[in-house]
Amino acid sequence: MPIRRRPARAEPPVGIDLGVSAVARRLGVATGTLRTWDRRYGLGPSAHEAGTRRRYTAGDLARLTLMRRLMLEGAATADAARAAAQAEVADLPGAGEPLLPDAPVATPRGRRARSGGGRVVATREAGPAARGLARAAMSLDSDACTALLRSSLVRAGVVATWNDVLLPVLNGVGERWRSTGAGVEVEHLLSECAEAALRGVEVDGPARNTRPVLLAALEPEDHRLPTIAVAAALAEHGVSTRSLGARLPARALVDAVSRTGALAVFLWSQGAAGPGQLPDDAALIAVRPRPVLMLGGPGWAGQPQRAGVVVVADLASAVTALVAVVSGGVPAR
């Protein structure tokens, strides 16, 4: 009689210890930084013996994760290390769970990379705040991303946060995706965190304008984050806005202008704006007084010039021009 083999039972995952490079990838720091933390603060592999390779346990990683998170939230390195060293390891998230190796995934170019890409985001000449945001984003730490952005908004304002902190990281994530095919989840999480932080900026006191400024992205444009940033920056100047989101039909924009008596309309386009995407002049002329129509974003490049349409190059230019409209001035065309 043939021997019937019993089906193999699924074995529970076996935990491993991680080397320096693997821990550095998960934390979004350099390997040299880990060695410095070990030497200065004693936050290294708890079971390391002289002459052997450094191997981190789940508890070691949990302490370092706490330390990194405290640093991203603004704590000094020494203070964050002290808090992590004094914490009860059993109370730290992930300390009691087995460490599993990163699953390899194939990129569009056929190369193999670790999940999460195994790299930090290239932020070029960005400052410490942008580098901290990049590390938090690569770790998919939404709480840290939002906290960092809110802190920068309070300290530096919307335009500086957009230009110096958020854009360098978004551009780095985009470059990483184009070169490796990985990182879409990082961009989505960072965009959600940025939207949440920017929506927290509100007009303090009575608004300067009685007629609203409308912000939108016409179909088929999916990017709405720049319009939310414009709204937040205008709120700092006491200007109230109404955001109509992305993929808005041109006809719906005309209806919104008519119903609100909008003072100005700002339209963002990240991709190439197709012919006829803008509402025709006759539709907007019907609203009196006619609103100022302002275009921002690279998608409008190469579009035919239209009388009465203001084109701005960046967020700061858009805010300056719209504040001028609210103040009764004429924006540069």
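Residues numbered from 1 in each chain as written. Predicted model: local features only at pLDDT ≥ 70, side-chain atom pairs only at ≥ 80, totals over all residues. Heavy atoms only, no water.

S.K.: Please set out the overall build of the chain residue by residue, giving values where relevant.
M.R.: Helix and strand counts for the chain stand at twelve helices and seven strands. In the chain, the share of contacts with a sequence separation of at least 24, taken over all contacts with a separation of at least 6, comes to 71%. Entry remark: accessible area of the chain is about 18100 Å², with carbon and sulfur atoms responsible for 52%. (Helix = DSSP H or I, 4+ residues; strand = E, 2+ residues; numbered from the N terminus. Contact = heavy atoms within 4.5 Å. Areas by Shrake-Rupley, 256 points an atom, 1.4 Å probe, with all protein chains shown as cover.)

S.K.: An account of the sheet that holds strand S5 (residues 264-268) is needed here, citing residue identities and associated values.
M.R.: Taken in spatial order, the five strands of this open sheet run S4-S3-S5-S6-S7, and their pairing is parallel. Sheet topology places strand S4 (241-243) and strand S7 (309-312) at the edges, where each strand pairs with a single neighbour. Neighbour-to-neighbour, the strand axes of this sheet turn through a mean angle of 20°, independent of strand direction. Relative to S4, strand S3 (residues 213-216) runs parallel, the two being bridged by three bridges. Bridging across to S4, Leu215 finds its partner in Ser243. The strands touched by helix H9 (residues 225-236) within the sheet are S3, S4 and S5, with S3 carrying the most contacts at an inclination of about 155°. (Pairing = 2+ DSSP bridges. Axes fitted to C-alpha atoms, helices over the stretch in contact; angles between N-to-C directions.)

S.K.: Please set out H9 residue by residue, giving values where relevant.
M.R.: The terminal C-alpha atoms of H9 lie 17 Å apart, and with twelve residues this matches the ideal 16 Å at 1.5 Å per residue to within 8%. When we look at burial in H9, the residues that qualify are Leu225, Pro226, Thr227, Ile228, Ala229, Val230, Ala231, Ala232, Ala233, Leu234 and Ala235. Those residues of H9 hidden inside the fold are in contact with helix H7 (158-180), helix H8 (184-199), S3, S4, S5 and helix H12 (315-326). (Expected span 1.5 Å × (residues − 1). Buried < 20%, exposed > 50% of the residue type's maximum accessible area, 1.4 Å probe, protein only.)

S.K.: Give me the lowdown on the pattern of salt bridges, citing residues and values where you can.
M.R.: This model, assessed by the stated rule, comprises eight salt bridges. The salt bridge involving Arg82 is made with Asp79; its shortest N-O contact spans 2.9 Å. Separated by three residues within a single helix, Arg82 and Asp79 lie in helix H4 (residues 77-86), roughly one turn from each other. Residue classification places Arg82 among the partly exposed positions, given a relative accessible area of 44%. Linking Arg251 and Asp255 is a salt bridge whose minimum nitrogen-to-oxygen distance equals 3.1 Å. With Arg251 and Asp255 both in helix H10 (residues 250-260), this residue pair falls four residues apart, about one helical turn. Connected via shared salt-bridge partners are Arg68, Arg69, Asp141 and Asp143. (Salt bridge = Lys/Arg side-chain N within 4 Å of Asp/Glu carboxyl O.)

S.K.: Now, about helix H2 (residues 31-41): what can you tell me, with residues and values included?
M.R.: For H2, the set of buried residues is Leu34, Thr36, Trp37 and Asp38. Positive phi appears at Gly42, one or two residues downstream of H2, with a value of about 75°.

S.K.: Break down the side chain of Asn209 for me, citing the residues and quoting the values.
M.R.: Examined against the element boundaries, Asn209 turns out to sit in the loop between H8 and S3. Overall, Asn209 belongs to the buried group, its relative accessible area being 8%. Of the polar contacts made by the side chain of Asn209, one reaches the backbone oxygen of Arg211; its length is 3.0 Å. (Polar contact = N/O pair within 3.5 Å; in protein donor to acceptor, adjacent residues only side chain to side chain.)

S.K.: Break down unusual backbone geometry for me, with residues and values.
M.R.: Glu219 connects to Pro220 through a cis peptide bond whose omega is 10°. On the secondary structure map, Pro220 appears in the loop between S3 and H9. Residues other than glycine seldom take positive phi values, yet Leu140 does so here, at roughly 55°. Assignment of secondary structure puts Leu140 in the loop between helix H5 (128-138) and helix H6 (142-156). A relative accessible area of 40% places Leu140 in the partly exposed class. Positive phi values are uncommon outside glycine, yet Arg247 reaches one of about 55°.

S.K.: Would you mind going over the side chain of Glu195 in detail, with residue names and values included?
M.R.: Along the chain, Glu195 turns up in helix H8. For Glu195, a relative accessible area of 12% gives the class buried.

S.K.: Provide a residue-level description of the nonpolar core, including the pertinent values.
M.R.: Leu166 and Phe266 are the most contacted members of the largest nonpolar core, which has 54 residues in total. Residue contacts for Phe266: discarding those within four places in its chain leaves Leu214, Leu215, Ala216, Thr227, Val230, Met294, Leu295, Gly296, Val312, Ala318 and Leu322. Membership of the second largest hydrophobic core comes to 17 residues, among which are Val20, Val29, Met67 and Ala81. (Core = buried A, V, L, I, M, F, W, Y, C linked by side-chain atoms within 4.5 Å.)

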